[in-house]
Amino acid sequence: MWLIHINLRNDKQSREIRGSTLIPVRAMSGEVSRRIRKRHGLNNFTQRWSTVQPSEDEEVERGALKRLSTMWSSFRAKLNRDQVKEPCQESLDSAPVDTTAREQRYMSGHYFFEYLVVVSLKKSKEGAYEPQITYQFPKRDGMVRFQREEEEKTLKAITLFCFPEGISWAPLTEYHSETFSFVLTEIDGSRRNGYCRRLLPHGNGARPPEAFCIISRLACFGLFSKIFDEVEKRHQISMAMIYPFMQSLREAAFPAPGNTVKIKSFVPDKGTEIISLTRPLDSWLEHVDFRTLFRCLTNEEVVLVFAAAAMERRIVFIAVELSTLSQVIHAVAALLYPFTWQHTFISIVPEILIDVVMAPTPYLLGVQKRLMDQVTDQTDLLVVDLSEDRKDTFLVQIGDEKSILPPKLQDEILQALRNRKEKSTVEELNSVVSEAFLSFFVKTVGHFDLYVTRNSRGQPGVFQSRAFYKTIKSKTTRHFVKKFLQTQMFDLFIQEVEQQPASPQQGIFHKKTVEYQEQKKKEKAKKRH
């Protein structure tokens, strides 16, 4: 089972690609009954939408959508086999590169990418433009039948998400380049990332855009944006120029946070170029850009959305621009760090999948404003309008969002957000915002490790949840924490802690927690004196 996340931003505003949060629906532990109950809700939804059995003809077309979550199984029936033609694939591969050693190296995460594809819009007999893969590098050889079939399904799914707006395209004379990404996540948590850039191909007259898409297991969106700059530059010369650059990139080692890798590439009339690719030192923030979030919403509105997300509610964002949807929804997911959203996450919902808003399970969805009427008739969710011409920000609310967070801690978040500079850089804004919300989790649940009991036989630890929240003195904080413990994001987090050996915790969350606990000890000591 796969979940697909899409992230899009307009290159006219920025050349950086923002990241996608991994949202696996993992196999649930039998002892965690509340998570099993939530999965049952998903299964019931799947059964509800799976009553129409596909024909043999439809099976081929819908193979692409088997990468989607099983809750979307009914929507696959909306596709027709005749709508997708066999792609005319071009390969500039001069020699097989799919050797066993290289595959092992790729699976270990050392390769930058798995392959590059070009998705073009081709006119069908009915006159509609449909996405097809017209180029793939490298052309993977040596696969057995089931591997080849799985790859074909993946490639067909990619065509859908390279053009999530559907097939309602017309030839264009002008088109601003835009970059977006999606993530394919299997039930075991393994994933492949799709990084795409859409642009207008060279030529004269009106013509439809095409998409370059890089498939990789690595999540470092800023680097792939720069890679696309180089691909686009070579594409202006010749498609043949892309091969040697991508081959050099494929052989390069992926840099560690803060490090740089240099790629040599020959360009006609310019000679050999040295391309430097550097990862940010704070790798957990390298996919985040909070500027659009705070351009669309006030501080108070951001905190309200954060509160609903922390309770794992159904949240839909509405906007005209696809870039706005993706930037905001990924920024909201990043506010939850060190926790990870564990439910459906689609930053741009393709029109063919709009019925996913009826899912009873939690989700974060981005929906284009032209489809708003299909969202606002729902209840028990939060619908956030990001449009500049909006009358109201929250079109649908449950009503208790303002009372979810403890008042004192909510005020502390707002005060921290007000302290940011008016003209701060991306890095400065990311630092201020992430610090404000990370501090909230430090003060509410940062003491979790003190309540994981372990024995001397090396068995997994056991989290003492009741004792954990009973020690919290503030009634409002204790009320929030008691509810937060019921979320899947905390449940998965604490399960991973229980499985870890009894050694000092690592990471910025633990560091901030230690600092906060030391500060509290000093304050207590001062009071005694």
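Here we summarise the structure given alongside this text. (Residues numbered from 1 in each chain as written. Predicted model: local features only at pLDDT ≥ 70, side-chain atom pairs only at ≥ 80, totals over all residues. Heavy atoms only, no water.)

**A word on the packing of helix α8 (residues 299–310) against helix α10 (residues 407–418)**
Relative orientation of the contacting elements α8 and α10 amounts to 135°, with a least axis distance of 10 Å. On the basis of the axis angle, α8 is oblique to α10. Handedness of the crossing formed by α8 with α10: right-handed. Together, Asn299, Glu300, Val303 and Phe306 of α8 and Gln410, Ile413, Leu414, Leu417 and Arg418 of α10 make up the contact between the two elements. Residues that form the contact of α8 with α10 fall into these classes: five nonpolar, two polar and two charged. (Axes fitted to C-alpha atoms, helices over the stretch in contact; angles between N-to-C directions. Helix = DSSP H or I, 4+ residues; strand = E, 2+ residues; numbered from the N terminus. Parallel < 35°, antiparallel > 145°, perpendicular 65-115°, else oblique. Left-handed = near helix turned anticlockwise from the far one by under 90°. Contact = heavy atoms within 4.5 Å. Nonpolar A, V, L, I, M, F, W, Y, C, P; charged D, E, K, R; others polar.)

**As for the pattern of salt bridges**
Tallied over the full model, the rule gives 21 salt bridges. Between Asp229 and Arg197 there is a salt bridge; the shortest N-O distance is 2.7 Å. Of this pair, Asp229 sits in helix α5 (residues 221–235) while Arg197 sits in strand β5 (residues 191–199), and the two are 32 residues apart along the sequence. Judged by relative accessible area, which is 1%, Arg197 ranks as buried. As a salt-bridge pair, Glu412 and Lys443 come within 2.6 Å of each other at their nearest N and O atoms. Of this pair, Glu412 sits in helix α10 while Lys443 sits in helix α11 (residues 426–445); the two residues are 31 residues apart in sequence, bridging distant segments of the chain. The class for Glu412 is partly exposed, based on a relative accessible area of 32%. One continuous salt-bridge network, built from bridges that share partners, spans Glu230, Lys233, Arg234 and Glu273. (Salt bridge = Lys/Arg side-chain N within 4 Å of Asp/Glu carboxyl O. Buried < 20%, exposed > 50% of the residue type's maximum accessible area, 1.4 Å probe, protein only.)

**Some points on the environment of Phe345**
Take Phe345: it is sitting in strand β10 (residues 344–346). Separated by 30 residues in the primary sequence, Phe345 and Ile315 have C-alpha atoms spaced 9.9 Å apart.

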